[in-house]
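# Understanding the architecture of this molecule
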Amino acid sequence: PSPVTRTNVPGPRYAVAVVAAAALSMVAGYLAYAIAVRPFWRRASTLGWIGGTVALAFVVRSILAATFGRPGYVLPQVLPFDDLGRDGVVDIAGATVQIESLFVIYAGGVLAVAAAWGLSSTRWGRALRAVAADETGARLAGVPVERALALAFAGAGLLALLAAMVTLPGGTITVDSGALLGLKGLVAAVLGRFLLPWGSFVAGLALGLFEALVVNLDLGPLELGPEYANVIPLAVVVVAVAARAWRRHGAVTE
């Protein structure tokens, strides 16, 4: 068969691939919980399940690097953004914006609304919030804690797939693309204080705008480039966590 390019994948073939990827993503999320989280969760070892998750991520990354030998791949672009505006670009308030970027923001908002509704208006969502607030109380109230957590990780795998499908089409994908998206998602969650999805969505949007500002910053001798875009999320989360810990420590000592 001919190699996959940006536009040459037939619709039925792409649909089958999406369904298969959705199933695999949910299974992968559940397995991540069963292998790297549940054994340590039962022993109330927070550092244990964090370390297990990181170790599993390195294993998955190594498997992908060994399986896919090319330096990069292309996920087909299904929606014809290049046919809209001026080759996929519009002017808004004097700024040039890609239509695809506007679609990503819109899709992210839809996912945030759907996730917030699921957590606040469904039985499963309320069970997850009860577990997060007080695991012992949730068990006493009859909440199946382990089942709820397993479903949460499976759902997280599905959400990760949807985020990748919205963000990555048309560009080059490497074995590190998923890790980078995960890192940016973690930064948004930390900045949003792990509250309802709306907080993380707004934090992620602000982080994206900040990245674009820094990448295009030109102040004479101080000129940054795209290579700094991947450094910014890690720097932001380190500063945010350190500042939060400092405030808590100061409150305790006072």
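Residues numbered from 1 in each chain as written. Predicted model: local features only at pLDDT ≥ 70, side-chain atom pairs only at ≥ 80, totals over all residues. Heavy atoms only, no water.

### Examining the overall build of the protein chain
For the protein chain, the count of helices and strands is nine helices and six strands. A separation threshold of at least 6 residues defines the contact pool for the protein chain, and within that pool the share at least 24 residues apart is 58%. For the protein chain, the accessible area works out to roughly 16400 Å², and carbon and sulfur atoms hold 70% of it. (Helix = DSSP H or I, 4+ residues; strand = E, 2+ residues; numbered from the N terminus. Contact = heavy atoms within 4.5 Å. Areas by Shrake-Rupley, 256 points an atom, 1.4 Å probe, with all protein chains shown as cover.)

### Structural notes on the packing of helix 3 (residues 99-121) against helix 6 (residues 145-167)
The interhelical angle for the contact between helix 3 and helix 6, taken along N-to-C directions, is 165 degrees, at an axis separation of 9 Å. Judged by the inter-axis angle, helix 3 sits roughly antiparallel to helix 6. Where helix 3 crosses over helix 6, the two elements pack in a sense that is right-handed. Between helix 3 and helix 6, the contacting residues are Phe103, Val104, Ala107 and Leu111 on the first element and Leu159, Leu162, Val166 and Thr167 on the second. Residue composition of the contact of helix 3 with helix 6, grouped by class: seven nonpolar, one polar and no charged. (Axes fitted to C-alpha atoms, helices over the stretch in contact; angles between N-to-C directions. Parallel < 35°, antiparallel > 145°, perpendicular 65-115°, else oblique. Left-handed = near helix turned anticlockwise from the far one by under 90°. Nonpolar A, V, L, I, M, F, W, Y, C, P; charged D, E, K, R; others polar.)

### A closer look at the nonpolar core
Among the nonpolar cores identified, the biggest contains nine residues, and these are Tyr33, Val37, Ala127, Val131, Ala138, Val143, Val145, Leu149 and Ala150. When contributions to this core are tallied by element, the ones reaching two or more residues are helix 1 (11-41), helix 4 (123-133) and helix 6. Here this core takes three residues from helix 6, the largest share from any one element. (Core = buried A, V, L, I, M, F, W, Y, C linked by side-chain atoms within 4.5 Å. Buried < 20%, exposed > 50% of the residue type's maximum accessible area, 1.4 Å probe, protein only.)

### Quick notes on helix 7 (residues 177-191)
Between the first and last C-alpha of helix 7 there are 21 Å, a value that for 15 residues agrees with the 21 Å anticipated at 1.5 Å per step. Along helix 7, the residues classified as buried are Ser177, Val187, Ala188, Ala189 and Val190. (Expected span 1.5 Å × (residues − 1).)

### So, the packing of aromatic side chains
In this structure the tally under the stated criterion is one aromatic pair. Aromatic pair tyrosine 33 and phenylalanine 153: ring centres 5.4 Å apart, planes at 35 degrees, arrangement tilted. Residue tyrosine 33 is located in helix 1, and its partner phenylalanine 153 is located in helix 6; the two are separated by 120 residues in the primary sequence. Relative accessible area serves as the criterion here: at 28%, phenylalanine 153 is assigned to the partly exposed category. (Phe/Tyr/Trp six-rings, centres within 6.5 Å; stacked < 30°, edge-to-face > 60°.)

### Examining helix 6
With 23 residues, helix 6 ought to run about 33 Å at 1.5 Å a step, and its terminal C-alpha atoms sit 32 Å apart, in line with that. Those residues of helix 6 not exposed but buried are Val145, Ala148, Leu149, Ala150, Ala154, Gly157, Leu161, Ala164 and Val166.

### As for the confidence of the model for the protein chain
Mean pLDDT over the protein chain stands at 76; residues scoring 70 or higher make up 79%. Taken together, the stretch residues 1-6 has pLDDT below 50 and engages in 13 contacts with residues farther than four places along the chain or on a different chain. (pLDDT = per-residue confidence, 0-100.)

### Some points on a nonpolar patch on the surface
Taken together, the side chains of Ile92, Leu102, Ile105, Leu205 and Leu209 make up a nonpolar region of the molecular surface, amounting to roughly 400 Å² of accessible area. Looking at the nonpolar patch, the elements that each hand over two or more residues are helix 3 and helix 8 (197-215). With respect to the element layout, isoleucine 105 can be found in helix 3. For isoleucine 105, a relative accessible area of 37% translates into the label partly exposed. (Patch = residues over 30% accessible without salt bridge, like charges linked within 9 Å, V, L, I, M, F, W, Y side chains within 5 Å. Salt bridge = Lys/Arg side-chain N within 4 Å of Asp/Glu carboxyl O.)

### Concerning the environment of alanine 22
By the element assignment, alanine 22 lies in helix 1. Alanine 22 sits in the buried class, given a relative accessible area of 18%. With 138 residues separating them in the primary sequence, alanine 22 and alanine 160 have C-alpha atoms 9.5 Å apart. If we skip the residues at most four places from it in the chain, alanine 22 touches Leu158 and Leu161.

### Side note on the packing of helix 3 against helix 4
Orientation of helix 3 relative to helix 4, taken along the N-to-C sense of each, is 80 degrees, at an axis distance of 5 Å. Taken together, the axes of helix 3 and helix 4 lie roughly perpendicular to each other. Within the contact between the two elements, helix 3 uses Gly118, Leu119, Ser120 and Ser121 and helix 4 uses Arg123, Gly125, Arg126, Leu128 and Arg129. Here the contact of helix 3 with helix 4 is built from residues that sort into two nonpolar, four polar and three charged.

### Remarks on the environment of aspartate 82
Along the chain, aspartate 82 turns up in the loop between strand 1 (73-74) and strand 2 (89-92). In this structure aspartate 82 comes out as partly exposed when scored by relative accessible area, which is 42%. Taking the C-alpha atoms as reference points, aspartate 82 and glutamine 98, 16 residues apart in sequence, are found 9.3 Å from one another.

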